[in-house]
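Spelled out, the chains give:
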Amino acid sequence: MRAMVYRGPYKVRVENKEIPRIEHPNDAVVRVTMGAICGSDLHLYHGMMPDTRIGHTFGHEFIGVVHEVGSSVQNLAVGDRVMVPFNIFCGSCWYCARGLYSNCHNVNANATAVGAIYGYSHTCGGYDGGQSEFVRVPFADVGPTIIPDWMSDEDAVMLTDACPTGYFGAQLGDIAEGDSVVVFGAGPVGLFAAKSAWLMGAGRVVVIDHLEYRLEKAREFAHAETFNFTDYPDIVVEMKKQTDHLGFDVAIDAVGAEADGNLLMHVTSAKLKLQGGSPIALNWAIDSVRKGATVSVVGAYGPIFSAVKFGDALNKGLTIRGNQCPVKRQWPRLFEHVRNGHLKPSELVTHRFPLEHIAEGYHVFSAKLDGIIKPLVIPSAA
Ligand SMILES: NC(=O)c1ccc[n+]([C@@H]2O[C@H](COP(=O)([O-])OP(=O)(O)OC[C@H]3O[C@@H](n4cnc5c(N)ncnc54)[C@H](O)[C@@H]3O)[C@@H](O)[C@H]2O)c1
Ligand SMILES: [Zn+2]
Ligand SMILES: [Zn+2]
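Cut-off values and rules
- Residues numbered from 1 in each chain as written.
- Chains lettered and ligands numbered in written order.
- Predicted model: local features only at pLDDT ≥ 70, side-chain atom pairs only at ≥ 80, totals over all residues.
- Pairing = 2+ DSSP bridges.
- Helix = DSSP H or I, 4+ residues; strand = E, 2+ residues; numbered from the N terminus.
- Domains from an automatic or database assignment.
- Contact = placed C-beta atoms within 7 Å.
- Axes fitted to C-alpha atoms, helices over the stretch in contact; angles between N-to-C directions.
- Near = placed C-beta within 6 Å.
- Nonpolar A, V, L, I, M, F, W, Y, C, P; charged D, E, K, R; others polar.
- Parallel < 35°, antiparallel > 145°, perpendicular 65-115°, else oblique.
- Left-handed = near helix turned anticlockwise from the far one by under 90°.

Caption draft 1: Structural detail: the pairing of strand 4 (residues 62-69). Note: strand 3 (residues 28-36) against strand 4, seven bridges, orientation antiparallel. Directly across from V30, in strand 4, lies its bridge partner V66.

Caption draft 2: The arrangement of the environment of F168 in detail. Considering the arrangement of structural elements, one finds F168 in helix 4 (residues 162-172). Distance from F168 to Y301, taken between C-alpha atoms, is 17 Å for residues 133 residues apart in sequence.

Caption draft 3: Highlighting the domain arrangement of the protein chain. Each assigned domain of the protein chain is listed with its residue range as follows: domain 1 (2-161 + 326-378) and domain 2 (162-322). The distance between the C-alpha centroids of domain 1 and domain 2 comes to 25 Å. The partner domain 2 presents 24 residues to the 25 residues of domain 1 that form the contact. Among the secondary structure elements, those contributing two or more residues to the side of domain 1 that touches domain 2 are helix 1 (39-45) and helix 11 (327-339).

Caption draft 4: Seen up close, the sheet that holds strand 13 (residues 248-253). One open sheet holds the six strands; their spatial order is 12-11-10-13-14-15, and the pairing between them is parallel. Among the strands making up the open sheet, the edge pair consists of strand 12 (225-228) and strand 15 (319-322). Each strand axis lies, on average, 20 degrees off the axis of its neighbour in the sheet, ignoring direction.

Caption draft 5: Local environment of the site of ligand 1. Not every one of the 34 residues close to ligand 1 is listed here, only the nearest: G39, S40, G187, G256 and A300. Listing elements by their share of the shell around ligand 1, those giving two or more residues are helix 1, helix 4, helix 5 (188-199), strand 11 (204-209) and helix 9 (280-288). At four residues, helix 1 tops the list of elements feeding residues into the shell around ligand 1. Among the residues making up the shell around ligand 1, the classes are represented as 18 nonpolar, 12 polar and four charged. Taken domain by domain, the makeup of the shell around ligand 1 includes at least three residues from each of domain 1 (2-161 + 326-378) and domain 2 (162-322).

Caption draft 6: Structural context of the packing of helix 4 against helix 5. Where helix 4 contacts helix 5, the axes come no closer than 7 Å and their chain directions differ by 50 degrees. One finds that helix 4 runs oblique with respect to helix 5. Between helix 4 and helix 5 the crossing geometry is right-handed. Between helix 4 and helix 5, the residues in contact are A162, C163, T165, G166, Y167, G169 and A170 and P188, V189, G190, L191, F192, A193, S196 and A197, respectively. Grouping the constituent residues of the contact of helix 4 with helix 5 by class yields 10 nonpolar, five polar and no charged.

As structure tokens, this is what we get:
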């Protein structure tokens, strides 16, 4: 089969690999019909994630057709059209029993630190991902769901990560009716977070980025007010001005470790790897909220130290919440929103790259060229 493989920072290509086999009775093998590249994949592509091995196949957003099932699989049959959440989880450990699927304790040798994610380095379990023609799906009775007839493929693939993660970001913000919400990052995750904030009763939604075309999307898709942080000497001061110097009720960090906006932080993280990422968006979030506010963090950070303004967060009495999104927990409510037309996740899809051209897909997405918001990946056998 053809699969994307990592060859080192900024180098990916498509190679032949063995079609994965059933390794456990509860595995399935899925023929991928549509995948995507996530902002998280860019952290791998840029060499930011520890233990990203040469030859690893990325891709944690994919849908497909069941190609083979292990002997104990009961919920899926060959030929079923399935959507697969980005988390791999067992469904029965202490965490899974509480719906904390992204924190599953049974699927990753590093489980005390992080759960398992398809195609997300050996730090997250070393499972090959879905930017490929076929993928092995462990715990096949637990994660995948048959795609409802009324759902389009592009909506389904967007529901395997980007859309639920944005929704989850708004949920972690504990938005109360009428709250003012500021979202950092107008990528797919931030745009979904902004849209979701309204669904949860926000009274005001602001989105911050420096890419004008994405801010335009924030106005159009998420009906948000927008601010380009490069237009202000200090975006935090502007956020204070915007709120009678009180600060927002809720901030959502949908940027993560590779934030722009502070050269020193960028150099000490992305270039020198002295910290787990530039905490600049997180620090702006901490500084932009009022005392007693909630800061929700869905942007991804590496496990090692980052220069986060923790003292300010403490003294302001902030609640900081973050996690990888437990995707399947979000599905029932999100399926309703999609079915009744409140949300159309595929509206953020801007590019569709054949798997054979995935290197171009990574380059365009990484460099934010050509108005890109969300790139899909279409395997040749689809
Ligand atoms: N927690 C989870 O479960 C989960 C799931 C998916 C993605 N993520 C993470 O969410 C983040 C966003 O993902 P995405 O797919 O939207 O990525 P993306 O790369 O498309 O978007 C990131 C956006 O942040 C903007 N940005 C950079 N610096 C900024 C700053 N200082 N302030 C405001 N905006 C800034 C960029 O211009 C870009 O538009 C990534 O870190 C990704 O790893 C987390
Ligand atoms: Zn992702
Ligand atoms: Zn579990």
